[in-house]
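What follows is each chain in one-letter form.
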Amino acid sequence: MSERKGYDETAGVEPDALEALAGKPGHVCPWWVAYLFDNPLRGRVHPPQELLAPYVREGMRVLDVGCGLGHFTLGMARMVGDAGRVTAVDVQARMLQLMLRRARRAGLAARIEAVQCAPRELGVPGPFDFALASNMLHESPDPERLLGLIRAALRPGGRLLAMEPSGHVDAARFEAELDMARRAGFALEGRPDIRRERSAVLLRPAEDAEGKQA
Ligand SMILES: C[S@@+](CC[C@H](N)C(=O)[O-])C[C@H]1O[C@@H](n2cnc3c(N)ncnc32)[C@H](O)[C@@H]1O
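Residues numbered from 1 in each chain as written. Predicted model: local features only at pLDDT ≥ 70, side-chain atom pairs only at ≥ 80, totals over all residues.

Explain the overall build of the chain to me, using residue names and the numbers behind them.
Within the chain, the secondary structure is distributed over ten helices and seven strands. With 214 residues in all, the chain has 41% of them scored as buried. A separation threshold of at least 6 residues defines the contact pool for the chain, and within that pool the share at least 24 residues apart is 72%. (Helix = DSSP H or I, 4+ residues; strand = E, 2+ residues; numbered from the N terminus. Buried ≥ 20, exposed ≤ 12 C-beta atoms within 10 Å, placed from the backbone. Contact = placed C-beta atoms within 7 Å.)

Describe in detail the site of the ligand, supporting the description with residues and values.
Taken together, 22 residues form the shell around the ligand, and within it G66, G68, S134, M136 and E139 come nearest. Taken together, the elements giving at least two residues each to the shell around the ligand come down to α6 (71-80) and β2 (85-90). (Near = placed C-beta within 6 Å.)

Describe in detail the nonpolar core, supporting the description with residues and values.
Of all hydrophobic cores here, the largest spans 48 residues; its most connected members are V62, M99, A131, A133, I150, L160 and A162. With six residues, α6 is the single largest residue contributor to this core. Setting aside its immediate chain neighbours within four residues, A131 contacts V62, L63, V65, I150, A153, L154 and L160. (Core = buried A, V, L, I, M, F, W, Y, C linked by C-beta atoms within 7 Å.)

Which residues make up the pairing of strand β5 (residues 154-165), and what values go with them?
Of the pairings in the sheet, the one linking strand β4 (residues 128-134) to β5 comprises six bridges and is parallel in character. For A133, the partnering residue across the bridge sits in β5 and is A162. Between the parallel pair β4 and β5, the chain is carried across by helix α8 (residues 143-153), and the sense of this crossover is right-handed. (Pairing = 2+ DSSP bridges. Right-handed = clockwise from strand over helix to strand, strands pointing away.)

Describe unusual backbone geometry, naming the residues involved and giving the relevant values.
With an omega of 5°, the peptide bond running from G126 to P127 counts as cis. By the element assignment, P127 lies in the loop between β3 (112-116) and β4. Notably, N135 is not glycine yet its phi reads approximately 55°, a positive angle. Structurally, N135 can be placed in the loop between β4 and α8. You can call N135 buried: it has 22 C-beta atoms within 10 Å. One non-glycine residue, R196, lies in the positive phi region at around 65°. For R196, the location among the structural elements is in the loop between β6 (187-190) and β7 (197-203).

Requested: an account of the pairing of β4, with residues and values cited.
In terms of residue burial, β4 counts as a mostly covered element, since seven of its seven residues are buried. The sheet contact formed by strand β1 (residues 61-65) and β4 spans four bridges and is parallel. What sits directly across from L63, in β4, is A131.

Now, about the packing of α8 against helix α9 (residues 171-183): what can you tell me, with residues and values included?
Packed helices, taken two at a time, are described by the angle between their axes plus the distance between the axes. At their nearest, the axes of α8 and α9 sit 8 Å apart, and the two run at 45° to each other. When the axes of α8 and α9 are compared, the pair comes out oblique. At the point where α8 passes α9, the crossing takes the right-handed sense. Within the contact between the two elements, α8 uses P143, E144 and L147 and α9 uses E177, M180, A181 and R183. Of the residues contributing to the contact of α8 with α9, the split by class is four nonpolar, no polar and three charged. (Axes fitted to C-alpha atoms, helices over the stretch in contact; angles between N-to-C directions. Parallel < 35°, antiparallel > 145°, perpendicular 65-115°, else oblique. Left-handed = near helix turned anticlockwise from the far one by under 90°. Nonpolar A, V, L, I, M, F, W, Y, C, P; charged D, E, K, R; others polar.)

Right, here's the structure in full:
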């Protein structure tokens, strides 16, 4: 059976049903649940090249935190080109294996580095030009610590796009995550309108404490 067929089988599943299956905040999404939302419909709802065009350019070094099956990892690998690099981090080895299989089939594996991290660590030093945390902060056991690690891994002036599923993470919880991001040293730069998501662009200021020392 081809890998593609697995995605096609779930293409008609209602998004609300997928959110209900995705588990409660604080739980790590199992790899088989990720197949339910990372299907061809996702490409239409969240086209990576469209959503990430303001942030990702050719030649960049970018980070995908909690990459899952790699919907955005592969999209960013296309955007950064041969001169760029995507570092994809996930706590689950199985997610990384499946993401890499998709990347190999798409001819993008040479642009991707896969790193398994511990739940409270990021596991990669950077520096990165851009970072994405898509639908994963609510699964972290310590999101404030993780946000601090992401900020430190960004170059001064680098940005993090944080997205959380709106059917799964309520507005108060997302605001609490943004407060954590501020305490971790980010400045809130914008709130892009992304379908079915709560989203924020977070800037590592060019002149923050560590930036001045660098
Ligand atoms: C709901 S999936 C989202 C996957 C992907 N970002 C996307 O939008 O399709 C959440 C992913 O975050 C990963 N994850 C959860 N906690 C994590 C942590 N503390 N550090 C790194 N990855 C984590 C899970 O293993 C899972 O692959």
